[in-house]
Amino acid sequence: MENYTMNSLTTNNVAQSASKLQELKKFSDTLGYSDKMPVLFLGHGSPMNAIEENEFVQGFRKIGREIEKPRAILVVSAHWETQGTFVTAMKNPSTIHDFGGFPQALFDVQYPAPGSPELALETQELIKSTDVHLDDKWALDHGSWSVVRHLYPDADVPVIQLSIDYTKPASYHYALSRELAELRRKGVLIIGSGNIVHNLRLVSWKHLNAVGYAYDWALEADTRMKEFMRNGNHEALIHFEKQGLAFQTAIPTPEHYMPMLYAIALQEKNEELQIFNDQAVAGALTMTSFKIG
């Protein structure tokens, strides 16, 4: 990355920087400090959950009714992996249909929630452990809109996404998330969207609609993960690769697991953790979700 001195900045650069600072201050002043928002981890499962009526989307809606409506939402989705850390910063993010082989009705879905360049700047400023880059290309992937549309069907809450740097270990992501804690007191709902047990290679397609069907290793991993969550054993969750064969099979690649770490990292002392949508599907996936606070 190039280094600039004040002498090398053009008048236009200075004006743009001043404008960004003014936008950031305006956003912070508007939000102020409110009661602390909860944190959610949502097991998003199949993209079809965006349009199907089932117990999982009913669980999402129930949580949406129970919590105070946020001023904005920040989503960490399993489906945006990058080299480096990025945050979406456009005013009107598009709806990304980042999948194939599904009915046209799913591709027809649009979730026209506004973005928030101001919240993107706020997020960039809060994170000190790494450079956060403002992104104007990605928008909202299905890990985001397929669940958020059940929480806020009117698409009237601004949504931004924070990417997952696939080059970094779990401990890095856990620590980075803790830098976002202040947003909870500014009316921002932080959502991790993935699946804690997610092995598509071992999915039993004939049991795709059999809620509760789980292989032994999937059940073992899911049960132990929930025990670690309830006991506040975050170190075990961070070092998931040391937890044995069931964990290794449940997490063949970490992208669907990392959003859970972003959520659990924000749990503060004595905060309640409520587990919901606590079911396995197709043998090798679990829809396990939770609310903190």
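Above: the structure in question.
Everything numeric here is computed off the predicted structure, so don't read it as measured data.

Some remarks on the layout of surface pockets
For the largest pocket, the calculated volume is near 620 Å³. Along its surface, the largest pocket is lined by 28 residues, and Gly45, Ser46, Pro47, Leu208 and Leu285 are the ones closest to its centre.

Topic: the environment of alanine 250
Relative to the helices and strands, alanine 250 resides in helix H9 (residues 245-250). Through-space distance from the C-alpha of alanine 250 to that of threonine 286 is 9.5 Å; in sequence the pair is 36 residues apart. Not counting residues within four places of it along the chain, the set of residues in contact with alanine 250 comprises Ile196, Val197, His198, Asn199, Trp217, Ala221 and Met225.

Some points on the packing of aromatic side chains
Aromatic ring pairs are described here by two measures, namely the spacing of the ring centres and the angle between the planes. What the rule picks out here adds up to nine aromatic pairs. Residues phenylalanine 99 and tryptophan 145 carry aromatic rings whose centres are separated by 6.4 Å and whose planes lie at 55 degrees to one another, so their mutual orientation is tilted. Residue phenylalanine 99 is found in the loop between strand S4 (85-88) and helix H3 (104-107), and its partner tryptophan 145 is found in helix H5 (residues 142-151); the two are separated by 46 residues along the sequence. Residue classification places phenylalanine 99 among the buried residues on the basis of a relative accessible area of 15%. Of the residues examined, tryptophan 145 reaches a relative accessible area of 0% and is grouped as buried. Three or more aromatic residues joined by ring pairs make a cluster, and in this case those are Phe99, Phe102, Phe107 and Trp145. If you follow lysine 168 out to its NZ or CZ, it ends over the ring of tyrosine 172, 5.4 Å from the centre.

Analysis parameters
Residues numbered from 1 in each chain as written. Predicted model: local features only at pLDDT ≥ 70, side-chain atom pairs only at ≥ 80, totals over all residues. Heavy atoms only, no water. 1 Å grid on protein atoms, 1.4 Å probe; cavity = no way out; pocket = protein on both sides within 12 Å on 5 of 7 lines; lining within 4 Å. Points joined across faces, edges and corners; volume = space filled by probe spheres on them. Helix = DSSP H or I, 4+ residues; strand = E, 2+ residues; numbered from the N terminus. Contact = heavy atoms within 4.5 Å. Phe/Tyr/Trp six-rings, centres within 6.5 Å; stacked < 30°, edge-to-face > 60°. Buried < 20%, exposed > 50% of the residue type's maximum accessible area, 1.4 Å probe, protein only. Lys NZ or Arg CZ within 6 Å of the ring centre and 35° of its normal.

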